[in-house]
Amino acid sequence: MNDQAYVRFHNIVKKFGTVVANDSIDLDVQRGEILAILGENGSGKSTLMNMLSGIYMPDSGSITIDGKPAVIRSPKDSIKLGIGMIHQHFKLIDRFTGYQNIMTGITSNTLGYKKSVKKITELMDKYELHIDLDKYVYDMSVGEKQTLEIIKVMFRGAEVLILDEPTAVLTPEEITKLFVILRNMRKAGHAIIIITHKLNEVMEISDRVTVLRKGKNVGTLNTNQTNILELTELMVGRPMEPIIRRVECEPGDVYLSVEDVTAYNHEGIKVLDNISFELSSHEIVGVAGVAGSGQRELCEVIAGLYPVKKGSVSCMNQEIVGKTPGEIIKMGVSMSFIPEDRLGMGLVSSMDITDNMLLKTYRDGKGLFINRNPAREMARNIVKKMDIVTPGISTPVSKLSGGNIQKVLLGREIESNPKVLVTAYAVRGLDIGASYTIYDMLNKQKEKGVAVLYIGEDLDTLIQLCDRIIVMFSGKIAGIVDARNATKEQLGLMMTGKVMMYV
Ligand SMILES: Nc1ncnc2c1ncn2[C@@H]1O[C@H](COP(=O)(O)OP(=O)(O)OP(=O)(O)O)[C@@H](O)[C@H]1O
Ligand SMILES: [Mg+2]
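Residues numbered from 1 in each chain as written. Chains lettered and ligands numbered in written order. Predicted model: local features only at pLDDT ≥ 70, side-chain atom pairs only at ≥ 80, totals over all residues.

Some remarks on the pairing of strand β3 (residues 33-39)
Then, in step 1: The buried fraction of β3 is high, at 7 of 7 residues.
Then, in step 2: Judged by which residues are buried, β3 turns out to be covered on both faces: Glu 33, Leu 35, Ile 37 and Gly 39 on one side and Ile 34, Ala 36 and Leu 38 on the other are all buried.
Then, in step 3: The sheet contact formed by β3 and strand β8 (residues 191-195) spans 5 bridges and is parallel. Considered in β8, the bridge of Glu 33 is made with Ala 191.
Then, in step 4: Where β3 lies against strand β9 (residues 208-213), 5 bridges are found, and the strand directions are parallel. Of the residues in β9, the one forming a bridge with Leu 35 is Arg 208. (Buried ≥ 20, exposed ≤ 12 C-beta atoms within 10 Å, placed from the backbone. Helix = DSSP H or I, 4+ residues; strand = E, 2+ residues; numbered from the N terminus. Pairing = 2+ DSSP bridges.)

Written out as structure tokens, the structure reads:
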């Protein structure tokens, strides 16, 4: 127990049906500290924080703020108590400007436009939060949207800031900026809680770390007195060596061939510039690059969702360019793209797991009057194989934890037995155990003869998992290297366009 606690959870229990999301949790955070919360997907991190932000109420237990009992029945109550939460999925209005988003929901603002802008600017200066207040949200990068969310809660007087996986979708530079902001806020005496799956971030930014496992608090440690191995063990409940296995296979026939592909976006800017590579059966080829180097467009070209100006893409010697997405799926190309907003693409969040399996069947063109049994079977299979924590296959996907949503998405693609499997950001937001499950699944696909294109962010993973790595820079291929001899430094130089290299 910590006597200086600003926020204290006491014996909190929260159940959803038979799932005990939070099981008698005690936890505290003080002013001027950054507390990290670590735990596998579905271990109850978001649920616990959502009780502070007024989205859920505990079944039992209590919360105190500054020593006083706090009853938080709604987000409004929470804001009044000085709590600000940045959610896993942003809650901004796209067709509003930054300023309009900050003011949304404030009914009692008597300051007027000029004074409000002045107050916001002061806030931005104090914490090094920088965005253009007149920019529309649809024009903002993910980093800008997040900064806007932070300004929004700070403007409402947040003393406690909760960030739910804020770095899952940020570039390394944006993460550095966010950490500067958080340190400034710590210095100013705010209490900060950050949820992240990235252990190196826990080590870098937090003062203390609380680990949840299956809804229970299994330990709170001082960050400078622990290490990544100890935290991993505490989190998964058994010792785990963080080494990714590369399966050695003889590459087979070329399954995907991309030749001289050039594409332009709707503003006429070249986004893919003469891209050529081949992907063979029994091979995992990685794609590295800083965000926005053309990875998304490349995926969309392969899926038939992006216009190609010049060049050709073929799967098993059949041309893809000009085909519809449905025809391309029939040719054996499967795509799982984990977008920045995981609910935004590929799954319908209000539908249950079975119906989301059926979506894929619809895409295969089998029509509306279909037998639900195979999809149910498939849903059951995926839940079992991927260890998805859910009360059942008829639970709406929106009720699953972030990481579990993702397992459904990739599981569905793999179950369709593709020849070419394109996965982008497959482990975004996944805990260590789940990430390793995904790597194993991809290795199994490789052993089976599937040609896998793995678009990733983490260079260590790319080097350990893949056979070859394509490095993209500004819509071009900066080089294709043998992963067995690649180093992070070399990849980093290529990603920033300083070195071009082919093997
Ligand atoms: N509204 C809900 N209805 C039913 N079950 C829910 C609901 N919200 C959460 N759950 C369940 O409670 C458990 C904890 O979920 P929670 O979202 O808190 O996990 P998490 O630790 O944040 O995971 P992740 O790292 O994947 O985001 C999960 O089993 C989840 O399926
Ligand atoms: Mg969560």
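Re the domain arrangement of the chain
Then, in step 1: According to the domain assignment, the chain contains domain 1 (5-236), domain 2 (243-332 + 418-503) and domain 3 (344-416).
Then, in step 2: In this structure, domain 1 and domain 3 have C-alpha centres spaced 30 Å apart.
Then, in step 3: Domain 1 puts 8 residues into the contact, and the matching count from domain 3 is 6 residues.
Then, in step 4: Of the residues in the side of domain 1 that touches domain 3, the class split is 1 nonpolar, 6 polar and 1 charged. (Domains from an automatic or database assignment. Contact = placed C-beta atoms within 7 Å. Nonpolar A, V, L, I, M, F, W, Y, C, P; charged D, E, K, R; others polar.)

Thoughts on unusual backbone geometry
Then, in step 1: Although it is not a glycine, Asn 11 adopts a positive phi angle of roughly 55°.
Then, in step 2: C-beta crowding within 10 Å serves as the criterion here: with 13 such atoms nearby, Asn 11 is assigned to the partly exposed category.
Then, in step 3: Unlike most non-glycine residues, Lys 214 shows phi in positive territory, near 45°.
Then, in step 4: Structurally, Lys 214 is set in the loop between β9 and β10 (216-222).

Thoughts on the site of ligand 1
Then, in step 1: Inspection of the region around ligand 1 gives 19 residues, with Phe 16, Asn 41, Ser 46, Ser 401 and Gly 403 positioned closest.
Then, in step 2: Sorting the residues of the shell around ligand 1 by element identifies β2 (19-30), α1 (45-52) and α13 (402-415) as the ones contributing at least two each.
Then, in step 3: Split by domain, the shell around ligand 1 shows at least three residues from each of two domains, domain 1 (5-236) and domain 3 (344-416). (Near = placed C-beta within 6 Å.)

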